[in-house]
Amino acid sequence: MIRHALYAGRMARTQHSFVNRKEGPIYVSVEPWPECFELEPGDRLTLIWDSSESGEAITVDFINDHELVAWPNGETHLMQYLINGEEAEDRSWTFKHR
């Protein structure tokens, strides 16, 4: 899901969500930092940032059935991370599974 809203004098604010519909955990890496989140079944990771006015808002590379890498385009230094609607930056690189 992607939503765009324009603010006067600012870049477009973009929101993109990843939902785990698998039976086990999946891993979403957000580059180029990197941040990496483990999503349990049913979890939703939402990224919110100021996207570039040109090109793709985000590119997603699938590594395998349980891992993907997201490359947001734009001003990402103030990226907001939410898991199930709650702040989740502190959950990066915190894994329950191996």
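Refer to the structure presented above.
Calculation notes
- Residues numbered from 1 in each chain as written.
- Predicted model: local features only at pLDDT ≥ 70, side-chain atom pairs only at ≥ 80, totals over all residues.
- Heavy atoms only, no water.
- Helix = DSSP H or I, 4+ residues; strand = E, 2+ residues; numbered from the N terminus.
- Buried < 20%, exposed > 50% of the residue type's maximum accessible area, 1.4 Å probe, protein only.
- Contact = heavy atoms within 4.5 Å.
- Areas by Shrake-Rupley, 256 points an atom, 1.4 Å probe, with all protein chains shown as cover.
- Pairing = 2+ DSSP bridges.
- Axes fitted to C-alpha atoms, helices over the stretch in contact; angles between N-to-C directions.
- Phe/Tyr/Trp six-rings, centres within 6.5 Å; stacked < 30°, edge-to-face > 60°.

Bringing the overall build of the protein into the picture now. Looking only at helices and strands, the protein has zero helices and nine strands in total. Sequence-ordered secondary structure for the protein, helices as α and strands as β, is β-β-β-β-β-β-β-β-β. Out of the 98 residues in the protein, the part that is buried amounts to 42%. Across the protein, the fraction of contacts at a sequence separation of at least 24, relative to all contacts at a separation of at least 6, is 58%. Within the structure as shown, the protein displays about 6,200 Å² of accessible surface, and the carbon and sulfur contribution to it stands at 48%.

Okay, the sheet that holds strand S4 (residues 35-39) next. Pairing in this open sheet of four strands is mixed, and the strands run S4-S3-S7-S6 from one edge to the other. This sheet does not close on itself; its edge strands, each paired only once, are S4 and strand S6 (58-64). When the angles between neighbouring strand axes are averaged without regard to direction, this sheet yields 20 degrees. Pairing between S6 and strand S7 (residues 67-72): six bridges, direction antiparallel.

Considering all chains together, one arrives at three aromatic pairs under this definition. Note on Phe37 and Tyr81: the rings are 5.1 Å apart at their centroids and 40 degrees apart in plane angle, and the pair reads as tilted. A residue pair is termed long-range when its members are at least 10 positions apart, and Phe37 in strand S4 and Tyr81 in strand S8 (residues 74-83) qualify at 44 residues. Using a relative accessible area of 0% as the deciding quantity, one classes Phe37 as buried. Each ring, one from Trp93 and one from Phe95, has its centre 5.9 Å from the other, and the planes form 65 degrees; the classification is edge-to-face. A relative accessible area of 34% means that Phe95 is categorised as partly exposed.

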